[in-house]
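Structural characterization, general
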Amino acid sequence: MKSWHLSNADALDVYSEWDTPDTIISDGAYGVGGFPGDPRTPDELASWYEPHVKQWSARSTLATTLWFWNTEIGWANVHPLLVANGWTYEFTNTWNKGLGQVAGNVNSKTIRRFPVVTEVCVFYTRTPLIKPATQDSPEVHMKQWLLDEWKRTGLPRRLANEACGVKDAATRKYFDQGWLWYYPPVETMMKLVDYANAHGSPEGRPYYSLDGTHPVTAAEWAATRSVWNHEHGITNVWDRPSLRGKERYRGSMQRSAPRTHNPTSMSASHLNQKPLDLMRRIILASTNEGGVVWEPFGGLCTASVAAAETGRASWSAEIDPSFFALANERLSTRAESLF
């Protein structure tokens, strides 16, 4: 069964056709004028990304994650936009390409800075906002909702510890309104939910409901938290040389392409191709097998190839016909060979 879907289109025109994402891998404009439509400076990046970010937020669940590739200053310009649209910053990964990235290409008399050999890949989760029991009220953070729902039961706060079978973790961690707040594990949450609905004031039931009609189930609660599959020995600094030689995908069209502006005529088909191993790393960390990966700015669709290789489905778009043709060939010959 085909696991990848690639459109020769602006992603804004096809998001509505894509399955709900488990993770979104963004490798779009960098604000360096690298392709037609890429702003010349990072200052304009927030405006460039804004319609995409709004779509990502609208189509996501509480468990959806985002990996945002860019330069340091490019990401800094887009970060406030992401936060304003419900994305929570988790951590920054730095891809260190090493000295080979600038070897022989730096004029020490004019550069006036240390050569930049890095890109960032910043990880975000969805800010966990939930509709209160009074459905016409604005959404609140999950940690406030957990405490407010218990208050609605009319039960003393200390009984939450009894409900969860702990000494003080429920009131100290799950009801905390500051940085010590902790997401209740599924088993613990179900104890809290059951106790609240069994002993709380009958007039306020159901308690801890996501839809206002029934208490949240174990499956529903599990679906509010993003996936994280930890790999030991990996830090947020990725020492990995730039792609060279055979790693650069050129496609069968490269050999016969005329020497024009067409990207297939370049020595590298796509100047910002990402390493396949790094794409595998972030997909394996943030999705489970069978999950859905979005790649809105396909390029050579490295994320989609990595998704296919790891048993995930992918949805991607590439607006440039030449890059689309290369990506389609790459996915057809590499990804489909796995099935």
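The coordinates are above.
To start, this report covers the structure provided alongside it. (Residues numbered from 1 in each chain as written. Predicted model: local features only at pLDDT ≥ 70, side-chain atom pairs only at ≥ 80, totals over all residues. Heavy atoms only, no water.)

1. A word on the sheet that holds strand S10 (residues 313–317)
Convention followed: Being paired, for any two strands, means DSSP has found at least two bridges between them. Helical segments are the DSSP runs of H or I of at least four residues, strand segments are the runs of E of at least two, and each set is numbered from the N terminus. Under this scheme, a helix contributes an axis fitted over its contacting stretch, all axes are lines through C-alpha atoms, and angles between N-to-C directions fall in the 0 to 180 degree range. Every residue pair with non-hydrogen atoms within 4.5 Å of one another is taken to be in contact.
If you walk across this open sheet you meet the eight strands as S1-S10-S9-S2-S3-S5-S4-S8, and the pairing is mixed. Only two strands of the sheet have a single neighbouring strand rather than two, namely strand S1 (4–7) and strand S8 (237–239). Pairwise comparison of adjacent strand axes, ignoring direction, gives a mean angle of 15° for this sheet. In this structure, strand S2 (residues 23–26) lies alongside strand S9 (residues 292–295), joined through two bridges in parallel fashion. Opposite Thr23, over in S9, you have Val293 as the bridge partner. In the packing of helix H8 (residues 276–286) onto the sheet, the strands contacted are S2, strand S3 (65–70), strand S4 (87–96), strand S5 (118–126), S8 and S9, and the crossing angle to S3 comes to about 160°.

2. Some points on the packing of H8 against helix H9 (residues 302–309)
Helix packing for two helices is described by the angle between their axes and how far apart those axes are. Short version of the rule: Put simply, angles under 35 degrees are roughly parallel, angles over 145 are roughly antiparallel, angles from 65 to 115 are roughly perpendicular, and the rest are oblique. Take the far helix as the reference: if the near one is turned anticlockwise from it by less than a right angle, the crossing is left-handed, and if turned clockwise, right-handed. Just so you know the grouping, Ala, Val, Leu, Ile, Met, Phe, Trp, Tyr, Cys and Pro go in nonpolar, Asp, Glu, Lys and Arg go in charged, and all remaining residues, Gly too, go in polar.
Between H8 and H9, the least distance of the axes is 9 Å, while the angle of their chain directions is 60°. One element, H8, and the other, H9, form an angle in the oblique class. Handedness of the H8/H9 crossing: right-handed. Where H8 approaches H9, its residues Leu276, Met279, Arg280 and Ile283 are matched on the opposing element by Thr302, Ala303, Val305, Ala306, Ala307 and Glu309. For the contact of H8 with H9, the residue count by class is seven nonpolar, one polar and two charged.

3. Focus on the environment of Tyr49
Its location among the elements puts Tyr49 in helix H1 (residues 45–59). Sequence separation between Tyr49 and Met142 is 93 residues; the distance between their C-alpha atoms is 27 Å. For Tyr49, the residues in contact, after removing those within four places along its chain, are Ser26, Gly28, Ala29, Trp56, Phe68, Asn70, Val78, Leu81 and Phe297.

4. Structural notes on the nonpolar core
The cut-off we apply is this: Among the buried residues, those of types Ala, Val, Leu, Ile, Met, Phe, Trp, Tyr and Cys that are joined through side-chain atoms within 4.5 Å form a nonpolar core. Note on exposure labels: buried denotes an accessible area under 20% of the residue type's maximum, exposed denotes more than 50%, and partly exposed covers the range between, all computed with a 1.4 Å probe on protein chains only.
Ranked by size, the top nonpolar core spans 27 residues in total, and within it Leu146, Trp150, Phe175, Met189, Tyr208 and Trp221 carry the most contacts. Counting residues per element, the ones that place at least two in this core are helix H3 (142–153), helix H4 (159–164), helix H5 (169–174) and helix H6 (186–199). The next biggest cluster of nonpolar side chains, apart from the first, holds 26 residues, and it includes Trp18, Ala29, Val78 and Tyr124.

5. Some thoughts on the side chain of Thr64
Threshold: In protein, a polar contact means a hydrogen-donor-capable atom and an acceptor-capable atom, both N or O and within 3.5 Å, with residues adjacent in sequence counting only if both atoms are side-chain atoms; elsewhere, any N or O pair within 3.5 Å suffices.
Position of Thr64 among the secondary structure elements: in the loop between H1 and S3. Among the polar contacts listed, one links the side chain of Thr64 to the backbone oxygen of Pro21, at a separation of 2.8 Å. A distance of 3.0 Å separates a polar side-chain atom of Thr64 from the backbone nitrogen of Thr61.

6. Let's talk about the packing of aromatic side chains
Two measures describe an aromatic ring pair: the distance that separates the ring centres and the angle between the ring planes. Short version of the rule: Stacked, tilted and edge-to-face are the three classes assigned to paired rings of Phe, Tyr and Trp, where Trp is represented by its six-membered ring and a pair needs centres within 6.5 Å; plane angles under 30 degrees give stacked, over 60 edge-to-face, the rest tilted.
Using the criterion set out here, one finds 24 aromatic pairs in the structure. Measuring from centroid to centroid gives 5.5 Å for Phe123 and Trp228, while their planes differ by 50°, and the two rings are tilted. Of this pair, Phe123 sits in strand S5 while Trp228 is found in the loop between helix H7 (218–222) and S8, placing the two residues 105 residues apart along the sequence. Taken together, the ring pairs connect Phe35, Trp48, Tyr49, Trp56, Phe68 and Phe297 into an aromatic cluster.

7. Brief notes about the packing of H1 against helix H2 (residues 72–84)
Between H1 and H2, the least distance of the axes is 9 Å, while the angle of their chain directions is 45°. Considering their axes alone, H1 and H2 lie oblique with respect to each other. As for how H1 packs across H2, the hand of that crossing is right-handed. Contact residues: H1 offers Leu45, Ala46, Tyr49, Glu50, Val53 and Trp56, while H2 offers Gly74, Asn77, Val78, Leu81 and Leu82. Looking at side-chain class alone, the contact of H1 with H2 contains eight nonpolar, two polar and one charged residues.

8. Some points on the pairing of S5
For S5, a buried count of eight out of nine residues is recorded, marking the element as mostly surrounded by other parts of the structure. Two strands pair when backbone bridges link them, and S3 and S5 are joined in this way by six bridges, in the antiparallel orientation. Bridged to Phe68 within S5 is Val122. Pairing between S4 and S5: nine bridges, direction antiparallel. Its bridge partner lying in S5, Asn96 is registered against Thr118.

9. Let's talk about H2
To keep it simple, the criterion reads: Helices are assigned an expected span. That span is 1.5 Å times one less than the residue count. The bend reported for a residue corresponds to the angle between axes fitted to the seven residues ending at that residue and the seven starting there.
The end-to-end C-alpha separation of H2 is 19 Å, in line with the 18 Å expected for 13 residues at 1.5 Å each. Taken as a whole, H2 carries its principal kink of about 35° at Val78; the proline Pro80 stands between one and four residues after it. Within H2, burial applies to Gly74, Trp75, Val78, Leu81 and Leu82. Considering only its buried residues, H2 is in contact with H1, S3, S4 and S5. Residue Gly86 follows H2 closely and has a positive phi angle near 90°.

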